Amino acid sequence: MKKKIAILGSTGSIGKSSINILKKDKKNFEIILLTTNSNYKELLKQVKDFKVRNIIINNLKNYLILKKKLKNKKINVFNNFDLFNKKFNSKIDLTISAISGLDGLKPTLDIIQFSKKIAIANKESIICAWNLIQKKIKKYKSEFIPIDSEHFSIRELLNEKKNNIEEVIITASGGPFLNLPFKNFEKIKPKNAIKHPNWKMGSKISVDSATLMNKVFEVIEAQRIFNININKFKIYIHPKSYVHAVIKFNNGLTKILVHDTSMTIPIFNIIYDKADKSIITKKIDFSIINNLNFQEPNKIKFPSLKLLNKFSSKISLYDTVLVAANDELVYLFLKGQIKFTEISIILKKILELKEFSKYKQIIPTNYEQIYKLSRYVRLKTFSLSVLSQKC
Ligand SMILES: NC(=O)c1ccc[n+]([C@@H]2O[C@H](COP(=O)([O-])OP(=O)(O)OC[C@H]3O[C@@H](n4cnc5c(N)ncnc54)[C@H](OP(=O)(O)O)[C@@H]3O)[C@@H](O)[C@H]2O)c1
């Protein structure tokens with residue numbers, strides 16, 4: 001029987017990597033649902049290629065275009081998840097949740113009820129609402145798998161008891177500015193920041209990789225998923241991105257997971273799970289293994305890393321303050337409205353505002369609360385950014 005798949009954010013980098021794997025083995029997969037924000041042209045190609053029966057497109061104008069284009073076809077075209085939820089009543093074997101930003105939270109929560117397995121790339125949702133995701137996963141007896149390469153690797157390495165862990169190392173390539181002198185950081189343009197040396201990713205996560213904020217997110221994400229004390233995580237620069245996670249156990253063993261620098265590998269392993277299926281990859285690269293070159297990150301060049309000290313092993317709405325403020329700052333930087341260096345400066349200011357510190361004590365109880373706070377934080381971040389331009 002064909003495995004039933006859904007991809008949220010199918011037109012993005014993770015979405016397209018997933019589609020490319022499925023394309024090579026169409027006879028074994030049926031795509032039940034694809035979703036996008038506005039890229040209807042790419043979505044249309046995917047729909048035709050896989051004879052997809054359900055699609056959700058967020059942007060109203062493009063939804064209407066698509067609906068017209070598909071009017072004589074037996075395809076359910078939705079403009080949002082609420083309508084899809086009402087009509088759909090089947091089970092999906094594997095859902096890949098790969099919408100970018102906090103917008104991915106509600107769709108991820110909504111799709112769990114239909115998913116036997118849910119693989120989540122959308123780190124913003126995990127950071128802000130892991131307790132809500134976990135609750136739904138338990139309720140609907142779904143299985144969770146992380147997609148992010150570091151978290152996928154930690155999961156692969158973790159067959160020991162969790163309290164036997166002494167240290168977990170999350171590796172960072174260092175992004176495009178690892179070797180750029182700090183004095184030149186002021187001149188960094190969006191087009192430079194989205195050019196990652198090792199990974200091809202969407203623009204938001206590429207900027208987060210350039211500021212190293214992505215590593216702060218990854219530590220919080222890993223803490224939430226694996227419930228390991230946040231103080232046991234360390235971030236090391238490893239420019240070749242060959243090692244994805246290192247775990248030292250208190251029985252003297254240290255496990256290291258290495259794979260080629262491609263998201264295709266974790267996604268392939270998630271799609272095929274324990275099936276006997278092989279993927280063509282490069283030979284073991286001893287030139288890299290002999291030169292792993294782990295380095296402590298430079299916190300003067302990458303001050304975002306210092307923000308990790310403000311976060312604990314306890315989930316709270318303060319996580320939403322971080323994610324929402326950073327989302328807004330990256331957006332403003334990409335639009336050319338703030339400088340690269342201002343992202344971490346303004347982010348620190350926002351996190352230190354008295355009005356937000358109370359959220360450290362509040363555990364999120366529903367997604368509306370997260371979205372409401374996120375909208376407020378983004379507005380506050382925007383006004384602070386405008387003020388900083390005037391000074
Ligand atoms: N890329 C990677 O290698 C990587 C690795 C680890 C984790 N992640 C995480 O995976 C997620 C996706 O990353 P990505 O690089 O694939 O992002 P991306 O290339 O920007 O793609 C994002 C996808 O989400 C859709 N989308 C964006 N906003 C939406 C909205 N408001 N409503 C519905 N759909 C929306 C986009 O549709 P349109 O195409 O129409 O805009 C697109 O399909 C992020 O959370 C990222 O942190 C990515």
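Residues numbered from 1 in each chain as written. Predicted model: local features only at pLDDT ≥ 70, side-chain atom pairs only at ≥ 80, totals over all residues.

Novice: Whenever I open this one, the sheet that holds strand β8 (residues 165-172) confuses me. Can you help?
Specialist: Whenever strands of a sheet pair, they do so through backbone hydrogen bonds, lying parallel or antiparallel. The four strands lie next to each other as β9-β8-β10-β11, forming an open sheet whose pairing is mixed. Edge strands, defined here as strands with exactly one partner in the open sheet, are β9 (233-237) and β11 (254-258). Neighbour to neighbour, the strand axes of the sheet diverge by 20° on average, direction disregarded. Sheet topology note: the strand β10 (residues 243-249)/β11 ladder contains five bridges and is antiparallel. By the bridge assignment, Ala245 is partnered in β11 with Leu257. In the packing of helix α7 (residues 149-157) onto the sheet, contacts are made with β8, β10 and β11, and the angle to β10 comes to roughly 40°. (Pairing = 2+ DSSP bridges. Helix = DSSP H or I, 4+ residues; strand = E, 2+ residues; numbered from the N terminus. Axes fitted to C-alpha atoms, helices over the stretch in contact; angles between N-to-C directions. Contact = placed C-beta atoms within 7 Å.)

Novice: Just to check I follow, could you spell out helix α13 (residues 318-334) for this structure?
Specialist: Three- or four-residue spacings in an α-helix give side chains the same orientation, since the helix completes a turn every 3.6 residues. Given a rise of 1.5 Å per residue, 17 residues ought to cover 24 Å, and the 24 Å separating the end C-alpha atoms of α13 matches this to within 8%. Burial runs high along α13: 15 of the 17 residues are buried. Backbone geometry just downstream of α13 places Gly336 in the positive-phi region, at approximately 80°. (Expected span 1.5 Å × (residues − 1). Buried ≥ 20, exposed ≤ 12 C-beta atoms within 10 Å, placed from the backbone.)

Novice: Is there a simple way to think about the domain arrangement of the protein chain in this case?
Specialist: Many authors give the size of an interface as the accessible area that is lost as the parts come together. Once the domains are mapped, the protein chain shows domain 1 (3-146), domain 2 (148-311) and domain 3 (314-391). Taking the mean C-alpha position of each, domain 1 and domain 3 sit 28 Å from one another. Contact residues are listed per partner, giving twelve residues for domain 1 and eleven residues for domain 3. Mapped by element, the contributors of at least two residues to the side of domain 1 that touches domain 3 are α5 (105-112) and α6 (123-139). At seven residues, α6 tops the list of elements feeding residues into the side of domain 1 that touches domain 3. Residues of the side of domain 1 that touches domain 3, tallied by class, amount to eight nonpolar, two polar and two charged. (Domains from an automatic or database assignment. Nonpolar A, V, L, I, M, F, W, Y, C, P; charged D, E, K, R; others polar.)

Novice: Would you take a moment to explain the sheet that holds strand β5 (residues 92-97) for this structure?
Specialist: Read from one edge of the open sheet, seven strands run β4-β3-β2-β1-β5-β6-β7, paired in parallel fashion. Each of the sheet's edge strands pairs with one partner strand only, and the pair in question is β4 (76-78) and β7 (143-146). Here the average twist between neighbouring strands, direction ignored, is 20°. The pairing of strand β3 (residues 54-57) with β4 spans three bridges and is classified as parallel. Residue pairing across strands places Ile56 opposite Phe78, the latter belonging to β4. Running at roughly 165° to strand β2 (residues 29-36), helix α2 (residues 40-50) makes contact with β2 and β3 of the sheet.

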